[in-house]
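# Structural overview
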Amino acid sequence: MTLDRPVADDWWEQRAVRVEDIDIPVLNVAWWSAVGLHLRGQLDGHERLKGTDKRLLVLAGTDSHERYYDPDFLDTYIRPWYDHWLKGIDNGVMESPPVRLQVANSGRRPRAEAEWPPRRAVPTRLYLTPEPAHAVHSLNDGSLRTTPPAEPAGRPTGYAYPDPAWTVGTTVITEGIPQPTRGILTFTTPPLNEDVEVTGKITLVLYAESDQADTDFHVKLSEQQAVPRLRNALMRRFAKHVPPPSAMVTRGWLKASHRVHPPRPIEPGAVVRYEIEVWPTSYLFRRGSRIRLEIANGDSAVADGLFHHYYGHQVGHGLIHHDAEHPSHLVLPVVH
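Attention in this report is confined to the structure presented alongside it. (Residues numbered from 1 in each chain as written. Predicted model: local features only at pLDDT ≥ 70, side-chain atom pairs only at ≥ 80, totals over all residues. Heavy atoms only, no water.)

Next up on the list: helix 4 (residues 71-87). Taking 1.5 Å per residue, 17 residues should reach 24 Å; helix 4 reaches only 19 Å between its end C-alpha atoms and comes up short. Along helix 4, the helix axis deviates most sharply at Ile78, where the bend reaches about 45 degrees; the proline Pro80 sits within four residues downstream. Phe73, Tyr77, Ile78, Trp81 and Asp83 are the residues of helix 4 that are buried. Against the buried residues of helix 4 lie strand 1 (26-31), strand 2 (54-59), helix 3 (64-67) and strand 3 (99-101). The distance from a side-chain oxygen at the start of helix 4 to the backbone nitrogen of Asp72 is 3.1 Å, and the residue carrying that oxygen is Asp70. One or two residues past the end of helix 4 sits Gly88, with phi positive at roughly 70 degrees. (Helix = DSSP H or I, 4+ residues; strand = E, 2+ residues; numbered from the N terminus. Expected span 1.5 Å × (residues − 1). Bend = angle between axes of the 7 residues up to and from the residue. Buried < 20%, exposed > 50% of the residue type's maximum accessible area, 1.4 Å probe, protein only. Contact = heavy atoms within 4.5 Å. Polar contact = N/O pair within 3.5 Å; in protein donor to acceptor, adjacent residues only side chain to side chain.)

The next subject is the nonpolar core. One finds Leu128, Leu204, Leu206, Tyr274, Phe285, Leu293 and Leu332 to be the most contacted residues of the largest nonpolar core, which totals 50 residues. At 7 residues, the largest contribution of residues to this core is made by strand 14 (residues 272-285). Residues Trp31, Leu59, Tyr77 and Ile78 belong to the second largest nonpolar core, which totals 7 residues. (Core = buried A, V, L, I, M, F, W, Y, C linked by side-chain atoms within 4.5 Å.)

Glancing now at the pattern of salt bridges. For the coordinates displayed, the defined rule picks out 19 salt bridges. A salt bridge links Arg79 to Asp75; the shortest N-O distance between them is 2.8 Å. Remark: Asp75 and Arg79 occur in helix 4; sequence separation between them is 4 residues, near one turn of the helix. On the basis of relative accessibility, which here comes to 42%, the residue Asp75 falls in the partly exposed class. Residues participating in the shared-partner salt-bridge network are Lys220, Arg251, Arg292, Glu294, Asp299 and Asp304. (Salt bridge = Lys/Arg side-chain N within 4 Å of Asp/Glu carboxyl O.)

Here the focus is the pairing of strand 6 (residues 142-145). Pairing between strand 5 (residues 122-129) and strand 6: 3 bridges, direction antiparallel. Across the sheet, Leu128 pairs through a bridge with Leu144, a residue of strand 6. Note: strand 6 against strand 10 (residues 185-188), 2 bridges, orientation parallel. When the sheet's bridge partners are listed, Ser143 is paired in strand 10 with Thr188. (Pairing = 2+ DSSP bridges.)

Here we have 4 strands laid out as an open sheet, ordered 1-2-3-4, and mixed in their pairing. The sheet is open, and its two borders are formed by strand 1 and strand 4 (111-113), each paired with just one other strand. Within the sheet, the average angular offset between the axes of one strand and its neighbour, ignoring direction, is 20 degrees. Where strand 2 meets strand 3, 3 bridges bridge the pair, whose relative direction is parallel. (Axes fitted to C-alpha atoms, helices over the stretch in contact; angles between N-to-C directions.)

Structure, rendered in structure tokens:
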């Protein structure tokens, strides 16, 4: 049916879950690692639920399936909820915070929040610039800066797809070593002077053009970790072929024609403003690491895991604009 009806319409609306009609208590347990699967629906569903008999718990880690059956997990988070609502046990479960979030990469236990998304998070803009970040091998090695571009017009960053060097989706493999960024665009911050927590909803505002009537944008936010100094000469020689260590934080997608509803093709050669939703997260970027934005026309089973979307059926050329008239920027909810 998704092939026959690729766009939301009345047929889908008749079959959609009406979360607003749920009138029983709800404990919603989500995992930040479920990007591309359950996470967005769970967070959206929590916001749409009416009433006060609801609780949200979002945890870090990639072992969600195993932990759901762990006795300690059940005794801590699940059983008290059922004891209260099904057995009438006054165990204080409804006196707990309405939202508890575990910040990924922090090593901390879940903390209390008054709401989702946290209103105390400060929307912080990071502007895409063509200046080299000297961070990673990519098509452009661009930078993310806190100051908006001053040039009234500048040279955009171009890319073509499919890139002839792509091997598995958008991943390039050289000498048997996967290079996830070598064939795509990257924009990276300088090394962070302090820890930065990003918790909430993320948006990429992108000014772009294409020589096609439609195109895809695949966006990924990663933490590029500091590279340890290698004393051994042989290890240094080998390390030249190994990309710097990184961790995927979250992702987002947009088909250009789906920037509006109902979908409408784009005009080839026209600069279009896109607001690309990047799935929410709660993540601690460590001091000394970098925040890296990756943009491509596809993704990869090597770099993006099970839920990838590259099918190799598009050919074209795109441009990313990042001047004063077209200030492409990433909006991160930063918690101080």
